[in-house]
Amino acid sequence: MTLLHANFIEGATALIEVDLAYNELTSLPASFLASAISLTKLDLSHNNIAEVSVAFSDGAGSLLFLDLSHNDIAELQDSESLFAGVTSLTKLDLSSNDLVHTPPATLLSNAISLSYLDLSGNDITGISESFLGGAASLLYLDLSSNDLIKLPVAFLDGATSLTELDLESND
């Protein structure tokens, strides 16, 4: 399966988990989560998704776990609206993609419950000082196996709950 219809899960309002891993998906319909009001887990890992333009806030306000690992994502387009309203998200896995920058601070400030963020195995070369500004609930951050050379002085400002930081295997 390489394409999803926009109304893929329409009417399935009691749906809690959706596993779409290993399907060779290349894109996601912008509104395919519109009626997923009970969805807590969405696994989109191991596909060929290059761009994420789905507004996860459209109906998926109860989303706790989102796995977008092992795709071809180079950047998160308009991440301010991408995760706006998904305040319950606790785990976000973006590992093994093609990201060259960390997601903007707006991603973390919108996902106020985010406690686990995996950005390992990407091509991230730098981190903005404000990256963790809205990450008060973040406990685990994995930035291993990237191309990081230098970290900003104020890199950890705002990450007051961080208990585990993995920076292994960077340049």
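About the criteria used
Residues numbered from 1 in each chain as written. Predicted model: local features only at pLDDT ≥ 70, side-chain atom pairs only at ≥ 80, totals over all residues. Heavy atoms only, no water. Helix = DSSP H or I, 4+ residues; strand = E, 2+ residues; numbered from the N terminus. Rg over C-alpha atoms; globule rule 2.2 N^0.38 Å. Buried < 20%, exposed > 50% of the residue type's maximum accessible area, 1.4 Å probe, protein only. Contact = heavy atoms within 4.5 Å. Pairing = 2+ DSSP bridges. Axes fitted to C-alpha atoms, helices over the stretch in contact; angles between N-to-C directions. Phe/Tyr/Trp six-rings, centres within 6.5 Å; stacked < 30°, edge-to-face > 60°. Lys NZ or Arg CZ within 6 Å of the ring centre and 35° of its normal.

(A) Quick peek at the overall build of the protein chain. If you tally the helices and strands in the protein chain, you get 2 helices and 7 strands. The order of α-helices and β-strands along the protein chain, N terminus first, is β-β-β-α-β-α-β-β-β. Here the protein chain has a C-alpha radius of gyration of 16 Å; the compact-globule value for 171 residues is 16 Å, and the two agree. The dimensions of the protein chain, computed from C-alpha atoms along their principal axes, are 50 × 30 × 25 Å. Here the protein chain holds 171 residues, and 45% of them are scored as buried. Sequence separation of at least 24 residues holds for 61% of the intrachain contacts in the protein chain that already meet a minimum separation of 6.

(B) Just the environment of Pro 29, in detail. Topologically, Pro 29 is positioned in the loop between β1 (17–19) and β2 (41–43). Overall, the relative accessible area of 13% leaves Pro 29 in the buried class. Separated by 25 residues in sequence, Pro 29 and Val 54 have C-alpha atoms that sit 6.7 Å apart. Beyond its immediate chain neighbours, meaning those up to four positions away, Pro 29 contacts Leu 4, His 5, Ala 6 and Val 54.

(C) Region of interest: the sheet that holds β1. Read across the open sheet, the 7 strands follow the order β1-β2-β3-β4-β5-β6-β7; overall the sheet is parallel. Of all strands in the sheet, those bounded by a partner on one side alone are β1 and β7 (164–166). With strand direction ignored, the average angle separating the axes of adjacent strands in the sheet is 0°. Alignment of β1 against β2, held across 3 bridges, turns out to be parallel. Looking across to β2, one finds that Glu 17 is bridged to Lys 41.

(D) Examining unusual backbone geometry more closely. For Tyr 22, which is not glycine, the phi torsion reads 55° and is therefore positive. Given the relative accessible area of 62%, Tyr 22 is considered exposed. In this model, Glu 24 sits at a positive phi of 60°, which is unusual for a non-glycine residue. Of note, Glu 24 is situated in the loop between β1 and β2. Taking relative accessible area as the criterion, Glu 24 reaches 51% and is therefore assigned exposed.

(E) Quick look at the packing of aromatic side chains. Within this structure, the stated rule accounts for 1 aromatic pair. Plain terms: the ring middles of Tyr 116 and Tyr 140 are 4.6 Å apart, the flat faces sit at 10° to each other, and that makes the pair stacked. Separated by 24 residues along the polypeptide, Tyr 116 in strand β5 (residues 116–118) and Tyr 140 in strand β6 (residues 140–142) bring together distant segments of the chain. On the basis of relative accessible area, Tyr 116 is assigned to the partly exposed category, the value being 22%. Residue placement shows Lys 91 over the ring face of Tyr 116; its charged tip is 4.5 Å from the ring centre.

(F) Highlighting the side chain of Ser 95. Positionally, Ser 95 belongs in the loop between β4 (91–93) and α2 (105–110). Ser 95 gets classed as buried once you look at its relative accessible area, which sits at 6%. Excluding its chain neighbours within four sequence positions, the residues that come into contact with Ser 95 are Ser 69, His 70, Asp 118, Leu 119, Ser 120 and Asn 122.

(G) Spatial organisation of the environment of Thr 125. Take Thr 125: it is sitting in the loop between β5 and β6. Note on Thr 125: relative accessible area 45%, which makes it partly exposed. In this structure, the C-alpha to C-alpha distance between Thr 125 and Asn 170, residues 45 residues apart in sequence, is 9.1 Å. If we skip the residues at most four places from it in the chain, Thr 125 touches Val 100, Asp 147, Leu 148 and Ile 149.

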